[in-house]
Amino acid sequence: MYIFRNMLILLWRIWFYILMGVPILIMFPLLLLFSSREEWYPQFFVVARFWAKIVLYGCGFIPKLTKEAEPDRKKSYMFVANHTSMTDIMLMLYSVKNPFVFVGKKELAKIPVFGFFYKRTCILVDRNSQRSRREVFDRAQARLRKGVSICIFPEGGVPDDESVVLDVFKDGAFRLAIDHQIPVVPLVFFDNKKRFSYTFFSGSPGIMRAHICKEITTQGLTQEHKKELKEITHSIILKTLETNLRNKV
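The rules behind these values
Residues numbered from 1 in each chain as written. Predicted model: local features only at pLDDT ≥ 70, side-chain atom pairs only at ≥ 80, totals over all residues. Heavy atoms only, no water. Phe/Tyr/Trp six-rings, centres within 6.5 Å; stacked < 30°, edge-to-face > 60°. Helix = DSSP H or I, 4+ residues; strand = E, 2+ residues; numbered from the N terminus. Pairing = 2+ DSSP bridges. Axes fitted to C-alpha atoms, helices over the stretch in contact; angles between N-to-C directions. Buried < 20%, exposed > 50% of the residue type's maximum accessible area, 1.4 Å probe, protein only. Contact = heavy atoms within 4.5 Å. 1 Å grid on protein atoms, 1.4 Å probe; cavity = no way out; pocket = protein on both sides within 12 Å on 5 of 7 lines; lining within 4 Å. Points joined across faces, edges and corners; volume = space filled by probe spheres on them. Parallel < 35°, antiparallel > 145°, perpendicular 65-115°, else oblique. Left-handed = near helix turned anticlockwise from the far one by under 90°. Nonpolar A, V, L, I, M, F, W, Y, C, P; charged D, E, K, R; others polar. Salt bridge = Lys/Arg side-chain N within 4 Å of Asp/Glu carboxyl O.

## Here we look at the packing of aromatic side chains
At step 1: Counted according to the given criterion, the structure contains 20 aromatic pairs.
At step 2: Pairing Phe61 with Phe196 gives two aromatic rings, centres 6.3 Å apart and planes at 85°, and the pair type is edge-to-face. Taken together, the residues Phe61 in strand 1 (residues 61-67) and Phe196 in helix 8 (residues 192-196) connect sequence positions 135 residues apart.
At step 3: Feature note: the residues Phe28, Tyr41, Phe44, Phe45, Tyr77, Phe79, Phe100, Phe102, Phe116, Phe117 and Phe153 constitute an aromatic cluster, connected by ring pairs.

Here is the structure:
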């Protein structure tokens, strides 16, 4: 029974990667066109959201979104969320309608097909390079000036220890939000670790919940408030996750 279960999970995981790649190949001309100029990024974003829905529903994930507030489509935001799974990218695209650009680790650019457009449209960071981190701020500032929002997973990566509910946040997202006086919008992903963690022989189709919290204003804040802003955001996400865990007991 154990071997049979793992065979099913193996086939399902392979299917996930097929679903990631095949729609991109089919829509390649459209994606290539819309990613060729920054002013066409909102159109690229619409196609990316469609792609995310294909992957989620195609793998048997059923997204459920709740909101404390609706982000204003005419404003730029710093979207942040807990990070536990590769599906966080798809669920973020599903949950947020405001065009945003991911700031993410450069290693994802190595994924066949997906990595090609990831590299063309996202802001890549080498966390081991101080120069790379500085360049991230320059590129993010350029996108924000064009009215596009930014999305960062502030834990900086998926914790190796899957028992960690929420890892320590890094400063980058909050420094940028204060610099540009844009609100921080926390999102909470409840089920992604259970549904599709980085432990290969694990996971299952099912409901995948996301929750959009109220925005946190940065108006009037300076870099001296960066730590406080980071701690408030971390506390909101952590308390929401812990409340969900208690309710399941």
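## A word on the sheet that holds strand 2 (residues 78-81)
At step 1: The strand order 1-7-6-2-5-3-4 describes an open sheet built from seven strands, whose pairing is mixed. With partners counted over all chains shown, the strands left at the sheet margins are strand 1 and strand 4 (123-125), one partner each. Neighbour-to-neighbour, the strand axes of this sheet turn through a mean angle of 20°, independent of strand direction.
At step 2: The pairing of strand 6 (residues 184-189) with strand 7 (residues 206-212) spans three bridges and is classified as antiparallel.

## Looking at the side chain of Asp88
At step 1: Considering the arrangement of structural elements, one finds Asp88 in helix 4 (residues 87-95).
At step 2: Judged by its relative accessible area of 0%, Asp88 is buried.
At step 3: Not counting the four nearest positions on each side in its chain, Asp88 is found in contact with Asn82, His83, Phe153, Phe189 and Asn192.

## Observations concerning empty space enclosed by the protein
At step 1: Scanning the entire structure with this criterion turns up three cavities of 30 Å³ or more.
At step 2: Empty space within the largest cavity amounts to approximately 220 Å³.
At step 3: Around the largest cavity, the lining is made up of 16 residues, and of these Phe44, Ala48, Trp51, Phe114 and Thr121 lie nearest the centre.
At step 4: Elements that contribute at least two residues to the lining of the largest cavity include exactly helix 3 (41-58), helix 4, strand 3 (100-105) and helix 5 (114-121).

## Side note on the packing of helix 1 (residues 2-26) against helix 3
At step 1: Contact pair helix 1 / helix 3: the axes reach a minimum separation of 9 Å and the direction vectors enclose 155°. Classified by the angle between their axes, helix 1 and helix 3 sit roughly antiparallel to one another. The handedness of the crossing between helix 1 and helix 3 is right-handed. Residues Trp15, Phe16, Leu19, Met20, Pro23 and Ile24 of helix 1 touch helix 3, and the partners they reach there are Trp51, Ile54, Val55 and Gly58.
At step 2: Residue composition of the contact of helix 1 with helix 3, grouped by class: nine nonpolar, one polar and no charged.

## Things to note about the layout of surface pockets
At step 1: Estimated volume of the second largest pocket: approximately 270 Å³.
At step 2: Around the second largest pocket, the lining comprises 16 residues; the ones closest to its centre are Phe190, Lys193, Leu241, Asn244 and Leu245.

## Structural notes on helix 7 (residues 172-179)
At step 1: What helix 7 keeps buried is the set Ala173, Phe174, Leu176, Ala177 and Ile178.
At step 2: Gln181 sits one or two positions beyond helix 7 and adopts a positive phi of about 55°.

## What to know about the pairing of strand 2
At step 1: Residues of strand 2 alternate between two faces, with Met78 and Val80 on one and Phe79 and Ala81 on the opposite face, all of them buried.
At step 2: In terms of strand pairing, strand 2 meets strand 5 (residues 149-152) through three bridges, oriented parallel. From the neighbouring strand, Val80 faces strand 5, where its bridge partner is Ile152.
At step 3: Of the strand pairs in this sheet, strand 2 and strand 6 are connected by four bridges, and their pairing is parallel. Note on strand 6: the bridge partner recorded for Met78 is Val184.

## Some details on the pattern of salt bridges
At step 1: Under the definition given, this model contains seven salt bridges.
At step 2: With a closest N to O distance of 2.7 Å, Glu39 and Arg37 form a salt bridge.
At step 3: Taking the relative accessible area as the measure of exposure, Glu39 reaches 44% and is therefore partly exposed.
At step 4: Judged by relative accessible area, Arg37 falls into the partly exposed class, the value being 43%.
At step 5: With its nearest N and O atoms 3.7 Å apart, the salt bridge here joins Lys226 to Asp171. Placement of Lys226 in helix 9 (residues 226-248) and of Asp171 in the loop between strand 5 and helix 7 is noted, with a sequence separation of 55 residues between them.

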